[in-house]
Structure formats: C-alpha cells, structure tokens
Amino acid sequence: MDPIERLKAASDRNALKLVEAREAGRRVVGHYCLYSPVELVLAAGAIPVPLCGTRAEPIPAAEEILPRNLCPLIKSSFGFAVTDTCPFLAASDLLVADTTCDGKKKMFELLAAYKPIHVLQLPQNQDPVSALPYWRNEIVRLKERLEREFGVVIGDGELRQAIRVLNRERELTRRLMDTAKSDRPPLTGHEMLGIMHRLGFFPDKAEGDALLGSVVEELEARVAAGESSVAPGRPRILLTGVPVGLGSDKAVRLIEEAGGLVAVFESCGGYKHVFQVDEDGDPIEAIARAYLATPCSVMSPNPGRLELIERLCREFRADGVIDLTWQGCHTYNIESYTVKRFVGEQLGLPFLQLETDYSESDTGQLKVRLEAFVEMLG
Ligand code: SF4
Ligand code: SF4
C-alpha cells in the first residue's frame, strides 16, 4: 500500500488504540498549545494527545456558555468538552494548558469543571533574564504535577530520552514539509496538511514515527524522480497566522482552488513546530529554552515570527504571503499590521490578510478575494 494511504488507515484506528492503551494501564495527557512541553508527558510514561478544536460541529454548544464573538478555536475546543464528542479528550486523565491569549486562559477556568487540568503560567515575552527562569520554574511545576498524578519519578535520563524521540519526530516532520521546496512539490498544501494533522494522534510514537519516516522517504523519492500531483506554475504561497487543521482548512482549500499552492505553513502546526531541543545540557533548561522561543503572537514583542517568515519566504521561494486570522483573535489580528508592513517593505512581496471563522458563511467572498490575489501573483 502507498505509505500515505497506510498512514491514513493507521491513524483512523488511533482513537480505538488510545482506549486500548488506557485499558492496559497507560495514562493520557491532553494538551492545547505548542508551548506545552510534551517531552515531560512522554518522560512520565504517559501518552500526549493534541486537543485544539479544529471542527465547527461543537461550536453551538460552546456558545451556550462562552461569548459568541470568541475565537472559533477556543469555542471548538471547549465545545468538545461540553458535548463529550472527542474520544481523545474523553480518554485524557489530565489536561495541560497554557495561559496564552485571554480567551484561552479564561476558557481553561471553565474547562476545569470537566477534567483535571494543570495550567502553565506562560510569560508574555521571551526575555532570557526575567522570563526564562520563570518559565523554567513552570516546567518544574508541571514535572512535579505529573509525578504526583501518575506516581512516577521523572529523572534526567527519561527526559533526555523523550527529547531524543521528539527531536527525531520533529526532524522527520521538517523533512516532510521541505519536500515542498522542490519546483515540482510532490503534494498540494492541502494534502500536506492532511498528513501533518494526523501525526500528533498516534498513541504509539514508534508506530507513528515509522509511518512518518516511510512517507518522507516516499515523497523525497518522488521529488528526486520529478513526480508531482501539482500542476506546474502555480504561485507559491506562505501561509502564516493562526493554527489550521482538518475541519478548519477552508482557507487552504480555497487558496488552492483559486490556483495557488500553499508551499509552506508558518503556523504552529507547521514550521513553528519543528524546533530542536538541546540533547546534551540540563534537560529542563533545554526544554524551557526551546519552547519559550516559539514565535507566537501571544508574545510581546514577537520578532521571531518575522525572522521565520523571512527565512521561509526565501527557502520556499514564496511569491506571496497570506496571513490567516480567526475572528476574535486579537493578538494575530493586531500583529497582522506589523506582518503586512514587514512583508511589503522588507521582503517586497504581495500580502493578503484573511479574517474568518470555521463556518462556510463567507466562502463566496473569500473565493473572490483569493482569486484576485492569486491572479495578481501569476
Ligand atoms: S497559535 Fe500560539 S497560542 Fe495558539 S496554539 Fe499555537 S502557539 Fe499556542
Ligand atoms: S487563534 Fe488567537 S484567540 Fe484563538 S486560541 Fe490562538 S491565540 Fe487565542
């Protein structure tokens, strides 16, 4: 079977395998953000699962409690708890959350009524003198909570092993995305998103990483052979901004239906996520340092995002940049002005901001704007 089809088929069984692993005594930790250090979860012998909501279905139930004008990602995440419709959330013994944006951190207070939750107090900037020691202390607090909760001791050896496992996984994910650097990318951006979305849900990391490894080898071979499912000459777009996944993939789909190619995802499900943690030093310090460097708009200031956009535009030869923001997301919406100026003035590239939600109500209007943008790039 084709490695991509094999990965998809295996991922369809992940919810069931998670239940089986739990029945066999494994503990499960759900997390909501790229700032949550999953190395600690692995080192505690537990299974990490990402829980950020990417589906529209649970939003009406969330709106019975949360304000309607909130970011759809927050409403979707909370709606899954209210409706009890996410098998990964249902299987979680503990939730790990971070005080990122205002909406998320206040939602987590309400989420505590549904599941035990540990909230990491994330600093608002990345200053190595003030913020880093504070964040390191938060990582230690999480380690102590996991030890108490699961009756384990997390030593430096377990942490180093977890760092190695996740570094390898992130390196494979980087190689996966890098296949789109080719003039003839083997996949469309939407196909790439479909693979990346599934990667986080494997209860058995070794199985997930082996499947990912075979997909990477297959795609690298297709690049070497010049095989591509993408029509040549499509304008290459860097997509930055809020996280996207299956269910919240409307913008990616519409960009590609308009004739563009999402060559690279800068967002936290994409390139922001493929950092490496130092394998040799103090593991807690190394984890704190690597995670705090995540260039998300919740940081003030957030220069790392512009540096990353600049590097990715060069490496992936972007013809234009699209900044996706969810309605109600103040940090990304406000930062969009800075990104627009940077992309136009420093990189000399066309820029478009899209503000939308998970519904299809604005699809027609987005389509018209995207067709005009892609035509201009062509
Ligand atoms: S966009 Fe920022 S706050 Fe939201 S999940 Fe990603 S890293 Fe966390
Ligand atoms: S997209 Fe924005 S508002 Fe929504 S959870 Fe992330 S940072 Fe918060």
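Residues numbered from 1 in each chain as written. Chains lettered and ligands numbered in written order. Predicted model: local features only at pLDDT ≥ 70, side-chain atom pairs only at ≥ 80, totals over all residues.

Trainee: Account for the overall build of the chain, naming residues and giving values.
Mentor: The secondary structure content of the chain amounts to 16 helices and eight strands. At 20 Å, the chain has a C-alpha radius of gyration in line with the 21 Å of a compact globule built from 378 residues. Expressed as lengths along the three principal axes of its C-alpha atoms, the size of the chain is roughly 60 × 45 × 45 Å. Out of the 378 residues belonging to the chain, those deemed buried represent 47%. Pairs at least 24 residues apart make up 74% of the contacts formed inside the chain by residues separated by at least 6 positions. (Helix = DSSP H or I, 4+ residues; strand = E, 2+ residues; numbered from the N terminus. Rg over C-alpha atoms; globule rule 2.2 N^0.38 Å. Buried ≥ 20, exposed ≤ 12 C-beta atoms within 10 Å, placed from the backbone. Contact = placed C-beta atoms within 7 Å.)

Trainee: I'd love a proper account of the nonpolar core, names of residues and values included.
Mentor: By size, the foremost hydrophobic cluster in this structure holds 110 residues, and its most contacted members are Ile237, Leu238, Ala263 and Val264. Excluding its chain neighbours within four sequence positions, the residues that come into contact with isoleucine 237 are Ile255, Gly260, Leu261, Val262, Ala263, Ala318, Asp319, Gly320 and Ile322. (Core = buried A, V, L, I, M, F, W, Y, C linked by C-beta atoms within 7 Å.)

Trainee: So what's going on with the sheet that holds strand S5 (residues 236-241)? Which residues, and what values?
Mentor: Backbone hydrogen bonds hold the strands of a sheet together, and the pairing may be parallel or antiparallel. Across the sheet, which stays open at both edges, the four strands sit in the order S6-S5-S7-S8 with parallel pairing between neighbours. Looking at strand neighbours, the two that pair on one side only are strand S6 (261-265) and strand S8 (351-356), the edges of this open sheet. With strand direction ignored, the average angle separating the axes of adjacent strands in the sheet is 30°. Across four bridges, S5 lies against S6 in parallel orientation. (Pairing = 2+ DSSP bridges. Axes fitted to C-alpha atoms, helices over the stretch in contact; angles between N-to-C directions.)

Trainee: Requested: an account of the pairing of strand S1 (residues 28-31), with residues and values cited.
Mentor: Residues Val28 and Gly30 point to one face of S1 and Val29 and His31 to the other, with burial holding for every one of them. For the crossover from S1 across helix H3 (residues 38-43) to strand S2 (residues 47-50), the handedness is right-handed. (Right-handed = clockwise from strand over helix to strand, strands pointing away.)

Trainee: Would you mind going over the sheet that holds strand S4 (residues 117-120) in detail, with residue names and values included?
Mentor: Ordered in space as S2-S1-S3-S4, the four strands form an open sheet in which the pairing is parallel. The open sheet has two edge strands with one neighbour each: S2 and S4. Here the strands of the sheet are splayed against their neighbours by 25° on average, with no regard to which way each runs. In terms of strand pairing, S1 meets S2 through four bridges, oriented parallel. Pairing of valine 29 across the sheet is with proline 48, part of S2. Against the sheet, helix H8 (residues 131-150) makes contact with strand S3 (94-98) and S4, and its axis sits at roughly 165° relative to S4, the strand it touches most.

Trainee: Summarise the environment of tyrosine 134; cite the residues concerned and give the values.
Mentor: Of note, tyrosine 134 is situated in helix H8. Residues tyrosine 134 and proline 123 lie eleven residues apart in sequence; the distance between their C-alpha atoms is 7.4 Å.

Trainee: Now, about helix H10 (residues 189-199): what can you tell me, with residues and values included?
Mentor: An α-helical turn contains 3.6 residues, so a residue and the one three or four places further along point in the same direction. Among the residues of H10, Gly189, Met192, Leu193, Ile195, Met196, Arg198 and Leu199 are the ones counted as buried. On its buried face, H10 sits against helix H1 (3-11), helix H9 (156-178), helix H11 (205-225), helix H12 (250-257) and S6.

Trainee: Give a description of the packing of H9 against H11 that names residues and reports values.
Mentor: Look at H9 against H11: their axes get within 9 Å of each other, and the N-to-C directions meet at 25°. The angle between H9 and H11 falls in the class roughly parallel. Considering the relative orientation of H9 and H11, their crossing is left-handed. Contacts between H9 and H11 pair Val165, Arg168, Glu169, Leu172, Arg175 and Leu176 from the former with Lys205, Asp209, Leu212, Gly213, Val215, Val216 and Leu219 from the latter. Of the residues belonging to the contact of H9 with H11, the class tally is seven nonpolar, one polar and five charged. (Parallel < 35°, antiparallel > 145°, perpendicular 65-115°, else oblique. Left-handed = near helix turned anticlockwise from the far one by under 90°. Nonpolar A, V, L, I, M, F, W, Y, C, P; charged D, E, K, R; others polar.)

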